[in-house]
Amino acid sequence: MSNVISQTCKNIFALCSTTAVLLMSLQVQAADKLTIGITLQPYYSYVKAVVGDKANVLPLVDEGFNPHNYQPQPNDLRRLKQMDVIVVNGIGHDDFALKVIKAANRDDLIVIQANKDVPLLPAIGQSVGDGAVNPHTFVGLSTTIQKVYTIATELSKIDPENARTYRKNARKYATEFRKMKRQAMLTLGDLDTSGMLVATTHNAYGYILQEFGVDVAAVIEPAHGVEPSASQLQETIEKIRASKIDVLFYELNMPSRYVETIEAATGVQLYRFSHMTHGAYEENKVAIEMKSNLATLVEAMKFAAKRSLADTAATAPSTIVPSTTHASINKQQGS
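Rules behind the numbers
- Residues numbered from 1 in each chain as written.
- Predicted model: local features only at pLDDT ≥ 70, side-chain atom pairs only at ≥ 80, totals over all residues.
- Heavy atoms only, no water.
- Helix = DSSP H or I, 4+ residues; strand = E, 2+ residues; numbered from the N terminus.
- Buried < 20%, exposed > 50% of the residue type's maximum accessible area, 1.4 Å probe, protein only.
- Contact = heavy atoms within 4.5 Å.
- Areas by Shrake-Rupley, 256 points an atom, 1.4 Å probe, with all protein chains shown as cover.
- Salt bridge = Lys/Arg side-chain N within 4 Å of Asp/Glu carboxyl O.
- Polar contact = N/O pair within 3.5 Å; in protein donor to acceptor, adjacent residues only side chain to side chain.
- Pairing = 2+ DSSP bridges.
- Axes fitted to C-alpha atoms, helices over the stretch in contact; angles between N-to-C directions.
- Arc of directions from axis to C-beta.
- Phe/Tyr/Trp six-rings, centres within 6.5 Å; stacked < 30°, edge-to-face > 60°.
- Parallel < 35°, antiparallel > 145°, perpendicular 65-115°, else oblique.
- Left-handed = near helix turned anticlockwise from the far one by under 90°.
- Nonpolar A, V, L, I, M, F, W, Y, C, P; charged D, E, K, R; others polar.

Chemist: Hey, could you run me through the overall build of the protein in this one?
Modeler: Counting its regular elements, the protein contains 11 helices and eight strands. Considering the protein as a whole, with its 335 residues, one finds that 41% of them fall into the buried category. For the protein, restricting intrachain contacts to residue pairs at least 6 apart in sequence, the fraction spanning at least 24 positions comes to 71%. Of the roughly 18400 Å² of accessible surface on the protein, 53% is carried by carbon and sulfur atoms.

Following this line, the structure appears as C-alpha cells:
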C-alpha cells in the first residue's frame, strides 16, 4: 500500500513539475514576443495579418477617437513604454502619434514608416500647402499591399526568427486584395467609364479611384478635415455644375452638413466610402471595409456609365427620313 501511495505522490509531483515548466516556458515565450504598436485602425489589420500569433499588437490610442482632432493623452505615453516597435502612417493623419513618440524620448523604440515605399499622390484642396501629400494610402488596394510588404520586411529585420512567417503571411494577405480588385474589374467588364467625373468631400479616396482610372475633378474640403466656408462651398457647387460631375463620394462615418446642400443644388449622385479609421480595432476590418468600398465604387461607375449613355442618346442628332416626293409617288402609282 505504501508503495502505491509513494508512486502516486511521485506522479503528482512529476505532473506539477511538468505544469510548472510549461507555464514558465509560456511566460518566457510571451516575454520574448515583440510588442508592436499601431496608430490607426488600418494598421492594426495590417500588423495582425503579418505577425499572426508571433507578436503582440497594441494600439496607441483607445478605439473611437477622431484622428482629425485628437490630442495626445497621458495613457498614450504609458502604452508607448510597453512597445518595442511602432508602425506609423507617418505622412499625416497620425501626427498626434509622432508628437507622443517625440515626447517619450525613446531612443530604443523602433519606428516603422509604413508608407516609405508607397508612390504618394499630392494632396488636393483649395487651402492645401505646396508639397503636401495625400495621407490616405490605407484606402487604396495597391498601396495597402505595398505597406503590408514593407511592414513584413522591416519586422523580419527586427525578428529574423519569425521572418519566414511574416513574409508568408504578407503574401497571403496581398493575394486576398489582388483577388478583390480582379473581381471588381471583371464585374465592370467592358463598361465605358472614360467620361466619369467625380467629386469627393475631402482628399481621401484618390488611391482607390486611380486604380480604376477615375479622376477627382473637385474636392469639397479646402484642407484635410476642414469644412468649406460659404464662398468656397458656392464655388464648388458652380464647378460641379459646370463640369457636369456625375458622382460625389463622402465619408461613411463622418456626417458632412454641406453634402445635402450640394446634392440639392447640383443633382449629383451621392455614394459613401468607409474611411477605415473608425470603430473597433479588428483584424479583418480593412478586408471587410475594402470589399464594401469596392462594391460602392462598382455601383457608382455603373451609374456614371448609364448616365453617359443617356446623355449621348439625348444629344445625338435624330435621323430624319427624307419625305417622299410627289414625282416619286406618281411614278410608283403609274408603275
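Chemist: What should I look at first to understand unusual backbone geometry in this one?
Modeler: One non-glycine residue, Lys244, lies in positive phi territory at about 55°. Summarising the element assignment, Lys244 is placed in the loop between helix H8 (230–243) and strand E7 (247–251). Among the residues examined, Lys244 registers a relative accessible area of 67% and is labelled exposed. You will see that Met276, though not glycine, has its phi angle at about 70°, which is positive. Looking at the element boundaries, Met276 is found in the loop between strand E8 (269–273) and helix H10 (285–315).

Chemist: Is there a simple way to explain the pattern of salt bridges in this structure?
Modeler: Two side chains of opposite charge can pair, provided their charged atoms sit close to one another. By the definition in use, this model includes eight salt bridges. A salt bridge links Asp62 to Arg79; the nearest nitrogen and oxygen atoms lie 2.3 Å apart. Taken together, the residues Asp62 in the loop between strand E2 (55–59) and helix H3 (74–81) and Arg79 in helix H3 connect sequence positions 17 residues apart. Put simply, Lys116 and Glu154 hold a salt bridge, and the shortest N to O gap is 3.7 Å.

Chemist: Help me understand the side chain of His202 in this model?
Modeler: If you trace the backbone, His202 turns up in the loop between strand E5 (197–200) and helix H7 (206–210). Under the relative-accessibility criterion, His202 is labelled buried at 2%. For His202, the side chain forms a polar contact with the side chain of His275, separated by 3.3 Å.

Chemist: Looking at this structure, how should I read the sheet that holds strand E4 (residues 110–113)?
Modeler: Picture the strands of a sheet paired through backbone hydrogen bonds; they go either parallel or antiparallel. If you walk across this open sheet you meet the four strands as E2-E1-E3-E4, and the pairing is parallel. At either end of the open sheet lies a strand with only one pairing partner, and these are E2 and E4. Strand after strand, the sheet turns through a mean of 25° between neighbouring axes, direction not considered. Bridge count between strand E1 (residues 34–38) and strand E3 (residues 85–88): three bridges; the pairing is parallel.

Chemist: Honestly, H3 in this entry has me stumped. Any pointers?
Modeler: Structural remark: α-helix, 3.6 residues per turn; residues separated by three or four positions point the same way. Among the residues of H3, those classed as buried are Asp76, Arg79 and Leu80. Along the axis of H3, the buried positions cluster into a sector of 100°, meaning they face one direction only. Exposed side chains of H3 directed beyond 90 degrees from the buried face belong to Pro74 and Lys81. Buried residues along H3 sit in contact with E2, E3 and helix H4 (95–104).

Chemist: Any chance you could explain the packing of aromatic side chains here in plain terms?
Modeler: For the structure shown, the criterion picks out 10 aromatic pairs. With a centroid separation of 5.4 Å and 75° between ring planes, the pair formed by Phe65 and Phe96 is classed as edge-to-face. Of this pair, Phe65 sits in the loop between E2 and H3 while Phe96 sits in helix H4; the two residues are 31 residues apart in sequence, bridging distant segments of the chain. The burial state of Phe65 is the same as that of Phe96; both residues are buried. An angle of 45° between the planes, with centres 6.3 Å apart, marks the rings of Phe249 and Tyr271 as tilted. Residue Phe249 is found in strand E7, and its partner Tyr271 is found in strand E8; the two are separated by 22 residues along the sequence. According to the relative accessible area criterion, Phe249 is buried, its value standing at 0%. Among the aromatic residues, those joined into a cluster by ring pairs are Tyr205, Phe249, Tyr271, Phe273 and Phe303.

Chemist: How should the pairing of E7 be read in this particular structure?
Modeler: Looking along a regular strand, one sees the side chains alternate between the two faces of the sheet. Counted residue by residue, E7 has five buried out of five residues, so it is predominantly covered. A two-sided burial pattern is seen for E7, the buried positions comprising Val247, Phe249 and Glu251 on one face and Leu248 and Tyr250 on the other. Pairing between E7 and E8: five bridges, direction parallel. Within E8, the residue paired with Phe249 across the bridge is Tyr271.

Chemist: I tried to follow the environment of Gln71 on my own but got confused; where do I start?
Modeler: Relative to the assigned elements, Gln71 resides in the loop between E2 and H3. In this structure Gln71 comes out as partly exposed when scored by relative accessible area, which is 49%. C-alpha of Gln71 to C-alpha of Lys99: the two residues are 28 residues apart in sequence and 9.5 Å apart in space.

Chemist: Sorry if this is basic, but what is going on with the packing of H8 against helix H9 (residues 259–266) here?
Modeler: Angle between the axes and distance between the axes are the two parameters that describe a pair of packed helices. At their nearest, the axes of H8 and H9 sit 10 Å apart, and the two run at 40° to each other. When the interaxial angle is binned, H8 and H9 end up oblique. Of the two possible hands of crossing, H8 and H9 adopt the one that is right-handed. Touching Leu233, Ile237, Ile240 and Arg241 of H8 are Thr261, Ile262, Ala265 and Thr266, all from H9. The residue makeup of the contact of H8 with H9, split by class, is five nonpolar, two polar and one charged.

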